[in-house]
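Inside the fold
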Amino acid sequence: MRSKWPNLKTPTNINAVNLTLAQALVHASAQAVDRLDAQLLMLKVLMREQTERAWLIAHDDQLLTPNQWREFEQLLLSRSQGQPLAYLVGEKEFFGLTLNVSAHVLIPRPDTETLVEWALNTVKFSCLQAPTVVDLGTGSGAVALAIKANAQHAQVTALDLNPEALALARLNGQRLQLDVHWMESNWLQGIQGPQTRGFDLVVSNPPYIEDGDPHMAQLLFEPVSALTAGADGLSDIRTIIQQAPSHLNTDGWLLLEHGWNQANAVAQLLRQQGFTDVQSRTDLGGNTRCTGGKWVFTHT
Ligand code: GLN
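The following refers to the structure shown. Please read all numbers here as calculations on a predicted model, not as lab measurements. (Residues numbered from 1 in each chain as written. Predicted model: local features only at pLDDT ≥ 70, side-chain atom pairs only at ≥ 80, totals over all residues. Heavy atoms only, no water.)

1. A look at the overall build of the chain
Put simply, the test is: The numbering of helices and of strands both runs from the N terminus, where a helix is a DSSP run of H or I of at least 4 residues and a strand a run of E of at least 2. Burial classification: accessible surface area is computed with a 1.4 Å probe over protein chains only, and a residue below 20% of its type maximum counts as buried, one above 50% as exposed, and the rest as partly exposed. What makes two residues a contact is simply this: any of their non-hydrogen atoms within 4.5 Å. Each accessible area is a Shrake-Rupley result for a 1.4 Å probe, and residues are judged covered by the shown protein chains and nothing else. Positive charges are assigned to Lys and Arg, negative charges to Asp and Glu, while His and the chain termini are left out of the count. Charge coordinates come from a single atom per side chain, which is NZ of Lys, CZ of Arg, CG of Asp or CD of Glu.
The secondary structure content of the chain amounts to 11 helices and nine strands. Principal axes of the C-alpha set define a box for the chain whose edges measure 80 × 40 × 30 Å. Residues classed as buried in the chain amount to 49% of the 300 residues present. A separation threshold of at least 6 residues defines the contact pool for the chain, and within that pool the share at least 24 residues apart is 63%. Surface accessibility of the chain: about 15000 Å² in total, with carbon and sulfur atoms responsible for 51%. Here the chain contributes 21 positively and 29 negatively charged side chains, and the mean placements of these two sets differ by 5 Å.

2. Quick notes on the packing of helix α10 (residues 235-243) against helix α11 (residues 263-273)
What counts is decided by this rule: Orientation is described by axes fitted as lines to C-alpha atoms, over the contacting stretch for helices, and by angles from 0 to 180 degrees between their N-to-C directions. Oblique is the label for any angle not under 35 degrees, not over 145, and not in the 65 to 115 range, which are roughly parallel, roughly antiparallel and roughly perpendicular in turn. Each crossing is labelled by how the near helix is turned from the far one, with a counterclockwise turn of less than a right angle marking it left-handed and a clockwise turn marking it right-handed. Only Asp, Glu, Lys and Arg are considered charged, only Ala, Val, Leu, Ile, Met, Phe, Trp, Tyr, Cys and Pro nonpolar, and every remaining residue, Gly among them, polar.
Packing of α10 against α11 brings their axes to within 10 Å, and their N-to-C directions diverge by 25°. By the criterion of interaxial angle, the relationship of α10 to α11 is roughly parallel. At the point where α10 passes α11, the crossing takes the right-handed sense. Across from Ile237, Arg238, Ile241 and Gln242 in α10, the residues of α11 making contact are Val266, Leu269, Leu270 and Gln273. Looking at side-chain class alone, the contact of α10 with α11 contains five nonpolar, two polar and one charged residues.

3. Comments concerning the sheet that holds strand β8 (residues 276-282)
To keep things clear, this is the line we draw: Only when DSSP finds a minimum of two bridges between them are two strands counted as paired.
The strand order β5-β4-β3-β6-β7-β9-β8 describes an open sheet built from seven strands, whose pairing is mixed. Each edge of the open sheet carries a strand with a single partner, namely β5 (180-184) and β8. Across this sheet, the average inter-strand angle for adjacent strands is 20°, counted without regard to direction. Across five bridges, the pairing between strand β3 (residues 132-136) and strand β4 (residues 155-160) is parallel.

4. Examining the pairing of β4
Definition in use: Orient the strands so they point away from the viewer; a crossover is then right-handed if the path from the first strand over the helix to the second runs clockwise.
By the criterion of burial, β4 is predominantly enclosed, with five of the six residues buried. On the question of chirality, the crossover connecting β3 to the parallel β4 by way of helix α8 (residues 142-150) is right-handed. For the crossover that starts at β4, traverses helix α9 (residues 163-176) and ends in the parallel β5, the hand is right-handed.

5. A few points about the packing of aromatic side chains
Put simply, the rule is: Any Phe, Tyr or Trp ring, taking Trp's six-membered ring, that has another such ring centre within 6.5 Å forms a pair; planes under 30 degrees apart are called stacked, those over 60 apart edge-to-face, and the others tilted. Criterion for a charge above a ring: Lys NZ or Arg CZ within 6 Å of the ring centre, and within 35 degrees of the ring normal.
Using the criterion set out here, one finds three aromatic pairs in the structure. Here the aromatic rings of Phe94 and Phe95 are separated by 6.3 Å at their centres, their planes lie at 45°, and the arrangement is tilted. Geometry around Trp118 places Arg281 over its ring, the cationic atom sitting 4.2 Å from the centre.

In structure tokens:
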């Protein structure tokens, strides 16, 4: 008996047949692409929202055009070669915000929501009318935008060294209608707070993986400069801890994300620099993910 499925092996056949969405999704599973990933890639091809999986299931007898099919095949291939789904669909959800992402930026991780929650507590706890916040190495803008979205009274600045990352972050801000001040900068070098005031809060999810860490073998597609930082992974964290005091207002906080095993080292660096109330926070995976401290001297 002849198979009811078209022969999907050769592109000539593919162009000749009209495939339904259901058939294309069966093909995706034969390519060992996860079912959910395939559905999200299909929605991308159909230019529908990533939230429309119910629509997809209800309309899976609809036909794909040859161009849509070709695009879907290409995306399946990239996914099966390890390209992160977020880059292929061009977006990632973070702290309830949908952010555009590209290969110029780190894909926001759920781990980083710990940093945002701590930052929001700090901002809400402060009695200031318009606390000044700066996010260093903002990438897609994830941390800065999540703070601004949940603390509208904060004056948020976000910095990145990479102009392409900054352009994407700015676009995310415009799309989400969140007023963040974007600036190109190498950490805090040459930066001043709004109206030359210092900052009440400095936050960062800097690169912190050790050069040569075997974990990097799984992170082939994201910018290395956003991931690794020297032999012990702490070189950017050291720079930030050294720079922060001259930019912090008195009683201002510096909060840093770091690797699961770096809390003690970061706490020690903060204390050595003169920070007080040094403490850490745990992520949902149970790892000590963030460490921060308070700066009690007025900057000059
Ligand atoms: N937490 C990320 C990871 O281990 C790294 C993020 C970073 O270096 N800031 O995949």
